[in-house]
Amino acid sequence: MSQTVETSRDLAPFLNKAERILGPRGLTRDPDLLDPWLTDWRGVYKGEALAMASPASAEEVAALVRLCVDHDVAIVPQGGNSGMCGGATPDSSGRQLLLSLRRMDTIHTIDAESLQVTCEAGVVLQNLHEAAERESLRFPLTLGGKGSATIGGLISTNAGGTQVLRHGTMRAQVLGLQAVLADGSLFNGLTPLKKDNRGFDLKQLLIGSEGTLGIVTAATLRLLPAIGARRVLWAGLASLQRARALLLHCEATAAEAVEGFEIIPAYSLAAVLKHIPGSRAPLDTEHPWHVLIELVADPSGADQLQDLAERLLASALENGLIDNATIAANDAQAEAFWLLRESISAAERARGPAVQHDISVAVEKMPDFVDMVTARVEERFPGTRAIAYGHLGDGNVHLHVLAPPGSLWGEWQKTEGKPISAFVYDCVTEWGGSISAEHGIGQAKLSELARLGDPVRLGTMRTVKKALDPLNILNPGKLVPLAPEQSTP
Ligand code: MLT
Ligand code: ZN
């Protein structure tokens, strides 16, 4: 984009034309309406926006993008604003257009025969879950932010969540995609084809591109038949090495039935219990680590699931893998177990300053990696506490480093956060892992990706970005690091 600074008067023609494209409901500059969408979910990034556009159709998105090209206005696409890396927050210039997809929330078709749903980008994940359930189907991907996360955002960030172990990330759920590209053209790839070798798979390029290559407007997603039964188990155990052994044991005993396997340290459980009034620990015994396991069965195996869950826990106890365990007695208790797991992040946020890392290493190395990295962080940064929780079965944990008691929110992250994160990412890189397992790069990890990313990979990302968005109009300053010669020293 050109570097000329336009006055707000220069942008008046743009805003008038945008309003004509979108109608009165489709554009707002009201600070009160804009405000909640200008800060990211974590409360780390605060931006300004020229206006918030809320188109009602892909055609309106396309027309708006063409207008932005003509007026050199950058666009920041946004879904539920529940991202973890500031990827949907505009910069502080006040010249970027916030493009909310939330009005586009129609579920077009749910096809029980082909097990597919086609819906607009603004559909909230929980609404999709409920719509599928009404047809005796299910959409398998789920995560803590399901009440606000939208399908478009989940696709743009290739979201993961708690069911990846069995069903894969968002990438594995997307069968077809519709998106508006940076020149305002509409890519219509909604119809899924099982085989299609006509060249580059644009859909795969757009998934996980954080709105930097195109704006996802609709998708066709895979569905599964509704489950016949589920059991949610909770176990207390001594170490992460045992947790990994337990996972192998679960896979050997229950194979495909193992749908979720999440680790929770004692510290996080205590924080959540304090955070949620009236919540209760599943076990009445203390343990350094807890594991939440979800088993599911299709209708034909539903009757045997309780027996399988009991056998699994009995043999794990007998083998010394776990020290205590329970099975949720009913759906309400199962939900209560999951709520404990899904509230870790919010509980910790309420507790005080922390820096978060969403990292992966090879699955089999994760227990030793966590032991090593938490000890090294606490030794190198005295007074901090490092905790790891999450998706052990995916080789992905959320490693949060909590500030020493009394540290000031914001201030501490600014001074201490950066060296701590650099230290953690150096360790991850040493172990051949990823500095972003599921939350993406956004603006939060841009400089660390530039510092540690493979130069060939980064160079290719820049080439692709330049080819598809030569004016740098789509979500600039996110995901794709500038070339070293463009960065300020
Ligand atoms: C989770 O797994 O709970 C989220 O991805 C991590 C978070 O909320 O920090
Ligand atoms: Zn996660």
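Residues numbered from 1 in each chain as written. Chains lettered and ligands numbered in written order. Predicted model: local features only at pLDDT ≥ 70, side-chain atom pairs only at ≥ 80, totals over all residues. Heavy atoms only, no water.

### Observations concerning the confidence of the model for the chain
Our working definition: Summary of the metric used: pLDDT quantifies the predictor's per-residue confidence within the range 0 to 100. Throughout, a contact is declared for two residues whenever any of their heavy atoms are within 4.5 Å.
Mean pLDDT over the chain stands at 95; residues scoring 70 or higher make up 98%. Between residues 1-7, whose pLDDT stays under 50, and residues either more than four places distant or in other chains, the model counts 10 contacts.

### What to know about the packing of aromatic side chains
Filter applied, for reference: Only rings of Phe, Tyr and Trp enter the pairing, Trp through its six-membered ring, and a pair is recorded when the two centres are within 6.5 Å. The plane angle decides the type: under 30 degrees is stacked, over 60 is edge-to-face, the rest tilted. Numbering of helices and strands runs from the N terminus; a helix is a DSSP stretch of H or I covering at least four residues, while a strand is a stretch of E covering at least two. With a 1.4 Å probe rolled over the protein chains alone, any residue whose accessible area is under 20% of its type maximum counts as buried; one over 50% counts as exposed, and the rest are partly exposed.
Going through the model one piece at a time under the given rule, you end up with three aromatic pairs. Judged by centre distance (5.2 Å) and plane angle (70°), the rings of Phe369 and Trp431 are edge-to-face. Of this pair, Phe369 sits in helix H14 (residues 366-380) while Trp431 sits in the loop between helix H15 (411-430) and helix H16 (446-452), and the two are 62 residues apart along the sequence. On the basis of relative accessibility, which here comes to 1%, the residue Phe369 falls in the buried class. For Trp431, a relative accessible area of 25% translates into the label partly exposed. Ring geometry for Phe381 against Phe423: centres 5.7 Å apart, planes inclined by 80°, an arrangement best described as edge-to-face. Here Phe423 lies in helix H15 and Phe381 lies in the loop between H14 and strand S17 (385-391), a separation of 42 residues in the sequence. Of the two residues examined, Phe381 and Phe423, each falls in the buried class.

### Side note on the state of the cysteines
Our working rule: Here, the term disulfide refers to a pair of cysteine sulfur atoms separated by no more than 2.5 Å.
On inspection of all chains with the given rule, the structure shows zero disulfides. With no disulfide of its own, Cys85 lies closest to Cys427 among cysteine sulfurs, the gap being 19 Å. Using a relative accessible area of 5% as the deciding quantity, one classes Cys85 as buried.

### Section: the nonpolar core
The criterion, for reference: Nonpolar cores are built from buried Ala, Val, Leu, Ile, Met, Phe, Trp, Tyr and Cys residues. Side-chain atoms within 4.5 Å join them into one set.
Grouped together as the largest cluster of nonpolar side chains are 60 residues, with contacts concentrated most on Leu246, Leu295 and Phe369. Of the residues forming this core, the biggest block, seven residues, is contributed by H15. If we ignore the near neighbours within four places in the chain, the residues touching Leu295 are Ala229, Arg230, Arg231, Leu233, Ala254, Ala257, Val258, Leu305, Ala309 and Leu312. Counting residues in each nonpolar core, the second largest holds 53 residues, with Ile75, Leu97, Ala132 and Leu213 among its members.

### Re empty space enclosed by the protein
Counted only if it meets this: Of the two site types, the cavity is a set of points on a 1 Å grid over the protein atoms alone where a 1.4 Å probe fits but cannot get out, and the pocket is an open set with protein on both sides within 12 Å along at least five of seven lines, each lined by residues with an atom within 4 Å of a point. Grid points are joined across faces, edges and corners, and a volume is the space filled by probe spheres set on the points. Gly falls in the polar group here, along with every residue not listed as nonpolar (Ala, Val, Leu, Ile, Met, Phe, Trp, Tyr, Cys, Pro) or charged (Asp, Glu, Lys, Arg).
One pass over the structure, following the stated rule, counts one cavity of 30 Å³ or more. Considering only enclosed or pocket space, the largest cavity measures out at about 40 Å³ in volume. If you go around the largest cavity, the residues you meet are Thr162, Val164, Leu165, Glu259, Gly260, Phe261, Glu262, His391, Gly393 and Asp394. With four residues, strand S13 (residues 258-265) is the largest single contributor of residues to the lining of the largest cavity. When the residues that make up the lining of the largest cavity are grouped by side-chain class, the tally is three nonpolar, four polar and three charged.

### Observations regarding unusual backbone geometry
Although it is not a glycine, Glu210 adopts a positive phi angle of roughly 55°. Within the secondary structure, Glu210 is located in the loop between helix H8 (202-206) and strand S10 (214-222). With a phi angle near 55°, Asn472 is a residue other than glycine that sits in the positive phi range. When you line up the elements, Asn472 lands in the segment after helix H17 (455-468).

### Focus: the environment of Arg462
Mapping Arg462 onto the fold places it in helix H17. With 18 residues separating them along the chain, Arg462 and Val480 place their C-alpha atoms 6.4 Å apart. Beyond its immediate sequence surroundings of up to four residues, Arg462 is in contact with Val480, Pro481, Leu482, Ala483 and Pro484.

### Considering the sheet that holds strand S4 (residues 97-100)
This is how the line gets drawn: Two strands qualify as a pair provided that DSSP identifies no fewer than 2 bridges between them. All axes are obtained by fitting lines to C-alpha atoms, using only the stretch in contact for helices, and the reported angles, taken between N-to-C directions, cover 0 to 180 degrees.
Strands sit in the order S1-S2-S4-S3 across an open sheet of four strands; the sheet is mixed. In this open sheet, the two edge strands, each paired with only one partner strand, are strand S1 (27-28) and strand S3 (75-78). Sheet analysis places S3 next to S4, joined by four bridges and oriented parallel. Within S4, the position partnered with Val76 by the bridge is Leu98. Helix H3 (residues 58-71) rests against strand S2 (51-53), S3 and S4 of the sheet, and its axis sits at about 170° to S4.

### Description of helix H9 (residues 240-254)
Keep this limit in mind: Expected span of a helix: the number of residues minus one, times 1.5 Å. For the purposes of these results, a polar contact is taken to be a pair of N or O atoms within 3.5 Å, where, inside protein, one atom must be able to donate a hydrogen and its partner to accept one; residues adjacent in sequence count only when each atom of the pair is a side-chain atom.
Over its 15 residues, H9 runs 20 Å from end to end, which matches the ideal 21 Å to within 8%, given 1.5 Å per residue. Buried residues of H9: Leu240, Ala243, Arg244, Leu246, Leu247, His249, Cys250 and Ala254, and no others. Packing partners of the buried residues in H9 comprise helix H6 (164-167), strand S12 (229-237), S13, strand S14 (289-297), helix H11 (305-318) and H14. For H9, the side-chain oxygen to backbone nitrogen distance between the N-cap and Gln241 is 3.4 Å, and the N-cap itself is Ser239. Following H9 by one or two positions, Ala255 has its phi on the positive side, about 40°.

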